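# An overview of the molecular structure
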Amino acid sequence: MLILVINSGSSSLKYTLFRMEDEAVLFAGAIDRIGQDGARHSFRDAANHEVEKEAYAPDHGAALDEVFATLLAGPLTSLSDLDAVAHRVGHGGKYREAARVNPDVISEIRRMTPLIPLHHPAMIREIEECMIRMPQAVHVAVFDTWFHWSIPDEAAIYGLPWHYFSDRGYRRTGFHGNSHAYVAEKAADRLGRPLGELKLITCHLGNGASVCAIDRGRSVDTSLGMTSVEGLMMGTRAGDVDPGLIPVIMKEDSLSPDEMISMLYRDSGLLGVSGVSRDMREIEAAAAGGNDRARLALDAFCYKVKRYAGAMLMVLGGCDALVFTGGIGSNSPTVRAKVLASTEMLGFVIDAEKNARARTSPDNQVEDISAKSSVIKILVIETFEELMMARQCRKVVGTKK
Ligand code: ADP
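Description of the structure in this document. (Residues numbered from 1 in each chain as written. Predicted model: local features only at pLDDT ≥ 70, side-chain atom pairs only at ≥ 80, totals over all residues. Heavy atoms only, no water.)

### Re the overall build of the chain
Threshold: Counting from the N terminus, the helices are the DSSP runs of H or I reaching at least four residues and the strands are the DSSP runs of E reaching at least two. Based on C-alpha atoms, the radius of gyration is set beside the globule rule, defined as 2.2 Å times the residue count to the power 0.38. The contact rule is simple, with two residues in contact once any of their heavy atoms fall within 4.5 Å.
When helices and strands are counted, the chain shows 15 helices and 14 strands. Here the C-alpha atoms of the chain give a radius of gyration of 21 Å, agreeing with the 21 Å that 2.2 N^0.38 yields for 401 residues. On the principal axes, the C-alpha backbone points of the chain span a range of 60 × 55 × 45 Å. If you take every contact in the chain between residues at least 6 apart in sequence, the share linking residues at least 24 apart comes to 62%.

Written out as structure tokens, the structure is:
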């Protein structure tokens, strides 16, 4: 069974081709700067050759044409070789698990767009363009929210008037479900214990970021909420802001709801605080060079991860392992050290040398950076959301093809 996994952002499209019998990656690539000058296509073939070239990608449709042409010149002889396409979707709304795309699924994704304004428009466009180009394939929407339906009502409910919960279904739905679920499985493998016995805190720290409490394989709380802006400070998203402050700012600065949304999602977070970049590498470099705002952005980012990880420790009543993942979590020893600084009394002790040396990659997905004296294991794990997506897609195809 061949499954193509597609993960599209507002100006990017990542894709991975899996052979599901052995879960082998046959091909993987990404097109960046869609709709802008200088779009680039980079990919890695089965022989692990890296290629980067210019791409014609004025929109997502053209980007897909480029992807299919590349796949046909490589691992596929015909697009009908593909059994299914798994599309990443942020918010599943009423859908609790991956679903075969049909008009109801599309309208549910559209209904959720105000909650995920940065990502859903591009995701919908990509699904529609892909279905036009490949009407014969089974298309499956895989939602970021599926993993968090197990969060109990007491953790999911907002303190708003009752009907928002009972009639509109407003509750914490969380995101990054594929990543949290994947690294939890990997952590269990590394600890050599069944996932069903473990309490884990997983910190997915990338452009988007969230912390999750996982109790015996089930998500019981997470820092992201009903929209993709609550919780941690992110690349350009604000994270927690006193809700009372939002209308005050809107009135003071005469902002429309759309302008406020744009501020919270695009102009805030690491970028808004540092004024330097949304990219943690650039922030760390600027902070090291003496830029005070960059240092504050870095410190605030780490502090908020610490605060949420601490909350999850109480929620779980202790834990067996804490996992760092995502672009920042996997690659930044500085962030990991700051997050767990002065938490020895709680059982976290990082080995400074292992932390500095830890390098994860697709071939070396797990690094243990805990000191011998650490009661709780501290792991760095390379996430693989695409594989979780492919597995869910396989389940849907298996039942509905
Ligand atoms: P996305 O959420 O878009 O998938 P990623 O998980 O790829 O994002 O994470 C992107 C973030 O990872 C960026 O802030 C980037 O700066 C950060 N990052 C990548 N490599 C490093 C590194 N070596 N040190 C610090 N941060 C890094």
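Once the structure has been displayed, the description carries forward.
### Considering helix H8 (residues 257-266)
Definition in use: The rule is simple: take the accessible area with a 1.4 Å probe, protein chains only, and divide by the maximum for that residue type; under 20% is buried, over 50% is exposed, in between is partly exposed. Each C-beta atom gives one direction from the helix axis, and the arc is the one those directions make.
Among the residues making up H8, those that are buried are Met260, Leu264 and Tyr265. Buried residues in H8, looked at end-on, bunch into an arc of 120°, giving them a common side. Looking at the buried side of H8, the elements it contacts are helix H7 (245-252).

### A word on the sheet that holds strand S3 (residues 24-32)
To be explicit about the condition: Any two strands are treated as partners once DSSP identifies two or more bridges connecting them. Axis definition: a line fitted to C-alpha atoms, over the contacting stretch in the case of helices. Angles run 0 to 180 degrees between N-to-C directions.
Strand order in the open sheet made by the 8 strands is S5-S4-S3-S2-S1-S6-S8-S7, with mixed pairing throughout. What marks the edges here is a single partner per strand, and that holds for strand S5 (50-54) and strand S7 (99-100). Alignment of strand S1 (residues 2-8) against strand S2 (residues 13-19), held across 7 bridges, turns out to be antiparallel. In the strand pairing of S2, Ser8 is matched with Leu13. The strands that helix H3 (residues 120-133) touches are S1, S2, strand S6 (84-89) and strand S8 (138-143); relative to S6, the one it contacts most, it runs at about 165°.

### A look at the nonpolar core
This is how the line gets drawn: Take the buried residues of types Ala, Val, Leu, Ile, Met, Phe, Trp, Tyr and Cys, join any two whose side-chain atoms come within 4.5 Å, and each joined set is a nonpolar core.
Ile201, Leu205, Phe301 and Val335 are the most contacted members of the largest nonpolar core, which has 46 residues in total. Secondary structure elements with two or more residues in this core: strand S9 (199-205), strand S10 (209-215), helix H10 (280-288), helix H11 (292-316), strand S12 (321-325), helix H13 (333-339) and strand S14 (377-381). Of the residues forming this core, the biggest block, 12 residues, is contributed by H11. Ignoring any residue separated from it by four or fewer positions in sequence, one finds Val335 in contact with Leu205, Met280, Glu284, Leu298, Phe301, Cys302 and Ile328.

### Things to note about the side chain of Glu385
Here Glu385 is to be found in helix H15 (residues 385-400). When sequence neighbours within four positions are dropped, the list of residues in contact with Glu385 reads Arg88, Asn178, Ser179 and His204.

### What about the pattern of salt bridges?
To keep it simple, the criterion reads: For this analysis, a salt bridge means a side-chain nitrogen from Lys or Arg found within 4 Å of a carboxyl oxygen belonging to Asp or Glu.
Overall, the coordinates contain 23 salt bridges when judged by the stated rule. Where Arg110 meets Glu128, a salt bridge forms, and the shortest distance between an N and an O atom there is 2.7 Å. Of this pair, Arg110 sits in helix H2 (residues 103-111) while Glu128 sits in helix H3, placing them 18 residues apart in sequence. Under the relative-accessibility criterion, Arg110 is labelled partly exposed at 42%.

### Comments concerning the side chain of Ser12
Examined against the element boundaries, Ser12 turns out to sit in the loop between S1 and S2. Its relative accessible area of 19% is what places Ser12 among the buried residues. The contacts of Ser12, once residues within four sequence positions are left out, are Asn7, Ile31, Asp32, Ile34 and His60.

### A closer look at the site of the ligand
Definition in use: Proximity is defined per residue: any heavy atom of the residue falling within 4 Å of a molecule or strand makes that residue near it. As used in this structure description, the phrase polar contact means that two N or O atoms lie within 3.5 Å; if the pair is within protein, one of them must be able to donate a hydrogen and the other to accept it, and residues adjacent in sequence are counted only when both atoms belong to side chains. All accessibility values rest on the Shrake-Rupley procedure with a 1.4 Å probe; residue burial counts only the protein chains present in the view. In this classification, the charged set is Asp, Glu, Lys and Arg, the nonpolar set is Ala, Val, Leu, Ile, Met, Phe, Trp, Tyr, Cys and Pro, and all remaining amino acids, among them Gly, are polar.
Near the ligand, the surroundings consist of 14 residues, among which Asn207, Asp279, Met280, Arg281 and Gly327 are the closest. At a separation of 2.9 Å, an oxygen atom of the ligand approaches a polar side-chain atom of Asn207. One of the backbone nitrogen or oxygen atoms of Gly327 is found 2.9 Å away from an oxygen atom of the ligand. Compared with its free state, where it exposes 580 Å², the ligand has 71% of that area covered by protein. Of all the secondary-structure elements, those providing two or more residues to the shell around the ligand are H10 and helix H12 (326-331). Sort the elements by how many residues they give to the shell around the ligand and H12 lands first, with 4 residues. Classifying every residue of the shell around the ligand by side-chain character gives 2 nonpolar, 7 polar and 5 charged.

### Observations concerning the pairing of S1
A regular strand places its side chains so that they alternate between the two faces of the sheet. Burial analysis of S1 places 7 of its 7 residues in the buried class, the great majority of the element. Side-chain alternation along S1 places Leu2, Leu4, Ile6 and Ser8 on one buried face and Ile3, Val5 and Asn7 on a second face that is also buried. Of the strand pairs in this sheet, S1 and S6 are connected by 4 bridges, and their pairing is parallel. Its bridge partner lying in S6, Ile3 is registered against Ala84.

### So, the environment of Thr145
In this structure, Thr145 sits in the loop between S8 and helix H4 (153-156). Residues Thr145 and Pro243, spaced 98 residues apart in sequence, show a C-alpha to C-alpha distance of 23 Å. Apart from residues lying up to four places away in sequence, Thr145 is in contact with Gly90, His91, Gly92, Thr173, Gly174 and Phe175.

None of this, on its own, says anything about what the molecule does.
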